Amino acid sequence: MTPEGRQPNMIWLFFSPSGRITRLPFFLSWLFWLLIGGFVVAQMFANENHNTALALWTLALIVSGLASTLSIAMLAIKRLHDIGYPGPLALCLFIPVLSPVVFIALCLWPGVNGPNEFGRRSDEPGA
């Protein structure tokens, strides 16, 4: 149990800006959203001749796109916290030219060892 009494869970990982995460959960979370999006798009192509199914998969694409955008922002904030930078820099992920560079940097840049202003340890909710 964490000192604050809060356990890491999937809601915290994907939709909370508090705390810190290391490189592996950040990358795997991005991969998760990529697979979800790819699956939904594949289903749209598979059902392109069925209007009702296509409409439902299109709705699923919109919902998963909104959820993944919010989640990616929260993941980037926690990853930046682990490195020791403030969360608003996560907006750089939404600038088309900078996005690939920022993503690669967040995947490769090691976090701060030990506590920092955003949490005592990595991969757990902040205070």
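Note that this is a predicted model, so its numbers are computed, not measured.

A. A look at the environment of Cys107. Structurally, the position occupied by Cys107 is in helix α4 (residues 99-108). The sequence separation of Cys107 and Leu66 amounts to 41 residues, and the corresponding C-alpha distance is 22 Å. Ignoring anything within four residues of it in the chain, the contact list for Cys107 reads Arg23, Phe26 and Phe27.

B. Highlighting the pattern of salt bridges. Counting across every chain of the model gives two salt bridges. Of the charged contacts, one joins Arg20 and Asp82 as a salt bridge, the two residues approaching to 3.0 Å between their closest N and O atoms. Of this pair, Arg20 sits in the loop between α1 (10-15) and α2 (23-46) while Asp82 sits in helix α3 (residues 51-83), and the two are 62 residues apart along the sequence. The class for Arg20 is buried, based on a relative accessible area of 1%. Between Arg79 and Asp82 there is a salt bridge, with its nearest N and O atoms 2.8 Å apart. Linking Arg79 with Asp82, this pair stays in helix α3, spanning three residues, or about one helical turn. A residue is classified by how much of its surface remains accessible, and Arg79, at 0% relative accessible area, is buried. Classification of Asp82 as buried rests on a relative accessible area of 2%. Taken together, the salt bridges that share partners define one network made up of Arg20, Arg79 and Asp82.

C. Examining the packing of aromatic side chains more closely. Under the criterion given, the structure shown has nine aromatic pairs. Between the aromatic rings of Trp30 and Phe103, the centroid separation amounts to 4.5 Å while the plane-to-plane angle is 50 degrees, which identifies the pairing as tilted. Here Trp30 is found in helix α2, whereas its partner Phe103 is found in helix α4, with 73 residues between them in sequence. Aromatic pair Phe32 and Trp33: ring centres 5.1 Å apart, planes at 70 degrees, arrangement edge-to-face. What makes Phe32 partly exposed here is its relative accessible area of 37%. Among the aromatic side chains, those forming a connected cluster through ring pairs are Phe14, Phe15, Phe32 and Trp33.

Rules used in this analysis
- Residues numbered from 1 in each chain as written.
- Predicted model: local features only at pLDDT ≥ 70, side-chain atom pairs only at ≥ 80, totals over all residues.
- Heavy atoms only, no water.
- Helix = DSSP H or I, 4+ residues; strand = E, 2+ residues; numbered from the N terminus.
- Contact = heavy atoms within 4.5 Å.
- Salt bridge = Lys/Arg side-chain N within 4 Å of Asp/Glu carboxyl O.
- Buried < 20%, exposed > 50% of the residue type's maximum accessible area, 1.4 Å probe, protein only.
- Phe/Tyr/Trp six-rings, centres within 6.5 Å; stacked < 30°, edge-to-face > 60°.

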